Structures are given as structure tokens and as C-alpha cells.
Amino acid sequence: MRFYLSILMLFCSMVQTFAASILIPMDDSQRNHLKAYGVAFYALQQEVVGHWLLNYRGGSFMFPYNKQIELECTVRGVTREVISDAQTDAILAEIANQDVNMDALRLEKAPRVAVYSPKDKLPWDDAVTMVLTYAEIPYDVIYDQEVVDGELKNYDWLHLHHEDFTGQYGKFYAAYKHMAWYINQVQNAEQEAQRMGFSKVSKLKLYVCQTIKKFVADGGFLFAMCSAADSYDIALAAANTDICDYMFDGDPADPRAQQKLDFNETFAFQNFKLRTNPLEYEYSDIDVTTYRTVSSDDDYFSLFEFSAKWDPVPTMLCQNHETIIRGFMGQTTAFNRSLLKPNVLVMGENRSINEARYIHGEFGKGMWTFYGGHDPEDYQHFVGDKPTDLELHPNSPGYRLILNNLLFPAAKKKERKT
């Protein structure tokens, strides 16, 4: 008996010795890419410092061996490999080679996550909340009151809900003005704006936009999809004018609103033209939805390849097991490249029709990312459609781009000697 116990103890000791790391591959061998981000987030919550291996097997994660992390992989259906010290060192040595486009960034702390979303949000409203829930990544829901109360300082990462920051209620007036949900939305928004001391919903939304801008300037990370991206910049540019017609705010729009736009205030876009017709389902010519010529069968966009060692930020944001991503539509499907500011970085595009899909920039101490389209796994989502079941899309490359942005604040670029 003592002999067998000694053998067992020796075996356990050997396992602990050789099981130096848990590698979570993110190439085609991964069973569930989306939940893999949730495991990485969980490890950071447990204060386990790991690595994001840029361009190594699809942007894999590696953490020191931890039984609980391994158990979480099993429970969540995430592919993992338990590797030895020697294997860990070999991977890091391969990545460090100056001849390969790879790098290893430390993942140190789980970001504090907030989603800007109304309390009466409908199921079709937001792909980000769906994927965070599916990946089991915790987040707080905040809205106008929390922003006005100064609560943004409690967070590192903010997602903008599928929102109209111009105060025109998504320009749904023509199609849905008689629908109960639209009428209630308008009434609730007006009451909330007045309760918080704003004369109009557009004034409240402008204050929210400017507060978010300061959040980014102070070091926050902003991620916006679909109409939240372009309506945010439009609201900032229109700070000194009125672009809302009478059915939105009770008085006519400023006839010289276009001339009064201030493009110095925006993050991404300049020289855009407003779409002032209140019956048109469009804010400006930033969005390409109404005049794009690509068919659904040919609708793809490509991700750029960046230098992992010298351009780690866009490299992180583009990590994927696929570089050609299936397109998807939204109220704002993609961005007119000719209207981007010179310092905006395009990370995903359909060059054949001159549209940018995935863009990034810096402002002050922080950064922002805008992603066109509504739902990466629902090509043309209509009001009232059922939400996407992500159990059917665990390896979605389009949804991976969202989660890249979420983990981005946790990564720390290692110092390099010059």
C-alpha cells in the first residue's frame, strides 16, 4: 500500500510539475470561441495573470495552470490544452522571434464593463448584450440617469447601445409612429429628459455624448455599433444647432443646421451631409446602407493584418480564426470611407465599394472603436425579429470582433528596449 501511495504522490507531483500552463487555442480547433473569452475574463477575475498570444493560433490565451480555470473550460465547453513548462517556453520563444508576426501581451485585470442601454430594451436591440450574456461575462446596464450622475468613472469599457443620440428616435417616425412601443418610447424619453432638467431629449443626449467623450479623454475605452456610432458623432457635431424637426422635439429644425455643424468635435467623421427629411430612415450620408450595390451573397469585408510587435492595438482588435468576415446589415451598415478623418484607422473594409466596416482611433488618454452593422449572425435584422441564438454560432468571427474590444483594456503592452 505504501508503495502504491508513493507512486500516486509521485505521479501527482509530476503532473503539477509538467502542467505549467493552460493554452486556450483560438484557431479552428476551438469548439467555442465566444465562451473562450468568458473563460479568459473569469481567469482575470480570479486575479490570474495570463497572456494574449497575438497571431498565435488565431489569437490564443495562455494562463498559468489552475485547476479551477481548467474546470471552467470543461463546464463551458471550451477547448484547452494543458502544456508543460518546456512547451510554454517554446511557444513564447517562437512568438518572440523577430521574423514572425506574433507577440505576447500580458492580461492583468478584468475590465469593469458597462452597457449603455434603456431599461425597456427590446430583444432585438443589442448584439453586444447577447454575446456578453452568452460568453458569461458580467456587465452593468447604465443609461442616461447614471451618466448624468457621473457613474462612468466606475468603468473601464463602455458599449453604446443601438441608440439614436440625435434625439430623432431612430427616425422610426414614418414607419412606426402609430405603434404602441414607439409612442411609449417617445413619452418615456421626454419625461425622463424633463425630470433630469433638460428641455429636450436631444439636449439630454448631447450631454450624454459630451460626458462619454470626456470618459474617453480620461482613459476610457468606447465601443459602438450600428446607429450608435454615426448618431454619436452627428450629435457632437450638431451641438450648436437644432437638427430635429417638429415631430421629434416640438419645433422645426434650424434651416442652417448643415452649415453650423462643427466637425472638430467628432471622433471619426467629417464633411458629412445630414439627411433632414423626417420621413427618411437615415441620419446622414455617413452610412452606406441605402446606396450600397453589393448583393447578400457577395457581402464580405476583410480584416487588415497589422504588425503584432509594433502595432499591438489594432492587432488585438483584429484577432480571429478568419480574415474574411461575412457582412451584415443594420440601420448603419458600414461607413463611407471618404468621410473618415485622416487619423482614423480602418481595420476592416470592403474596398471594392469603398466602405469601412470596422474603425478605430485614439482620443486623449483613451480609445474608441466603431463597428458597422447590427447583428453579425443575422444578415438583415428587422424590428420584431427574434434575437439570435448564439448556441448556434459559438465560433462566429463577426462576434469575436466585439469580444476582442472587451478584453482590450485588460492587455498591457510589454516594454521594449530601444
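Look up a bit, the structure's there.
Keep in mind that this is a model prediction, so the values were computed, not measured.

Caption draft 1: Representation of the side chain of Ser202 within the structure. Structurally, Ser202 can be placed in helix H9 (residues 201–217). In contact with Ser202, other than residues within four places in its own chain, are Thr166, Gly167 and Cys244.

Caption draft 2: Structural detail: the packing of helix H2 (residues 33–45) against helix H3 (residues 67–76). In contact at an axis separation of 10 Å, H2 and H3 are set at 155° when each is read in the N-to-C sense. With respect to each other, H2 and H3 are oriented roughly antiparallel. Between H2 and H3 lies a crossing whose hand is right-handed. Of the residues in H3, those touching H2 at Lys35, Gly38, Val39, Tyr42 and Ala43 are Gln68, Ile69, Glu72, Cys73 and Arg76. A breakdown of the residues in the contact of H2 with H3 according to their chemical character gives five nonpolar, two polar and three charged.

Caption draft 3: Molecular detail of helix H5 (residues 127–135). With respect to burial, H5 is a largely interior element, eight of its nine residues being buried. Every buried residue of H5 is listed here: Ala127, Val128, Thr129, Met130, Val131, Leu132, Tyr134 and Ala135. Contacts made by the buried residues of H5 are with H2, H3, strand S6 (113–116), strand S8 (157–160), strand S9 (221–225) and helix H14 (397–407). Glu136 lies just past H5 and shows a positive phi near 65°.

Caption draft 4: View of the nonpolar core. Membership of the largest hydrophobic core comes to 61 residues, with the highest contact counts inside it found for Ile24, Phe61, Phe63, Tyr371 and Leu403. By residue number, the principal contributor to this core is H2, which donates eight residues. Ignoring anything within four residues of it in the chain, the contact list for Phe63 reads Ala20, Ser21, Ile22, Ala40, Ala43, Leu44, Val48, Val49, Gly50, Ile69 and Leu107. Formed by 59 residues, the second largest nonpolar core is a distinct cluster that contains Leu160, Leu204, Ala238 and Phe267.

Caption draft 5: Geometry of the pairing of S9. Among the five residues in S9, five count as buried, and that is most of the element. The alternating pattern of S9 places Phe221, Phe223 and Met225 on one face and Leu222 and Ala224 on the opposite face, and all of these are buried. As paired elements, S8 and S9 share four bridges and run parallel to each other. Looking across to S9, one finds that Trp157 is bridged to Phe221.

Caption draft 6: Structural view of unusual backbone geometry. The backbone of Arg57 sits at a positive phi, close to 50°, despite the residue not being glycine. Topologically, Arg57 is positioned in the loop between strand S2 (50–54) and strand S3 (60–64). With relative accessibility at 26%, the residue Arg57 sits in the partly exposed group. A positive phi is found at Asn271, a non-glycine position, where the angle reads about 60°. Tracing the sequence through the fold places Asn271 in the loop between helix H12 (257–260) and strand S10 (300–303).

Caption draft 7: Here's a closer look at the packing of aromatic side chains. One pass over the structure, following the stated rule, counts 26 aromatic pairs. Centroid distance Phe165 to Tyr232: 5.9 Å. Interplanar angle 85°. Geometry classified as edge-to-face. Of this pair, Phe165 sits in the loop between S8 and helix H7 (173–176) while Tyr232 sits in helix H10 (residues 227–237), and the two are 67 residues apart along the sequence. The burial state of Phe165 is the same as that of Tyr232; both residues are buried. Centroid distance Tyr176 to Trp181: 5.4 Å. Interplanar angle 50°. Geometry classified as tilted. Judged by its relative accessible area of 24%, Tyr176 is partly exposed.

Reading the values: the criteria
Residues numbered from 1 in each chain as written. Predicted model: local features only at pLDDT ≥ 70, side-chain atom pairs only at ≥ 80, totals over all residues. Heavy atoms only, no water. Helix = DSSP H or I, 4+ residues; strand = E, 2+ residues; numbered from the N terminus. Contact = heavy atoms within 4.5 Å. Axes fitted to C-alpha atoms, helices over the stretch in contact; angles between N-to-C directions. Parallel < 35°, antiparallel > 145°, perpendicular 65-115°, else oblique. Left-handed = near helix turned anticlockwise from the far one by under 90°. Nonpolar A, V, L, I, M, F, W, Y, C, P; charged D, E, K, R; others polar. Buried < 20%, exposed > 50% of the residue type's maximum accessible area, 1.4 Å probe, protein only. Core = buried A, V, L, I, M, F, W, Y, C linked by side-chain atoms within 4.5 Å. Pairing = 2+ DSSP bridges. Phe/Tyr/Trp six-rings, centres within 6.5 Å; stacked < 30°, edge-to-face > 60°.

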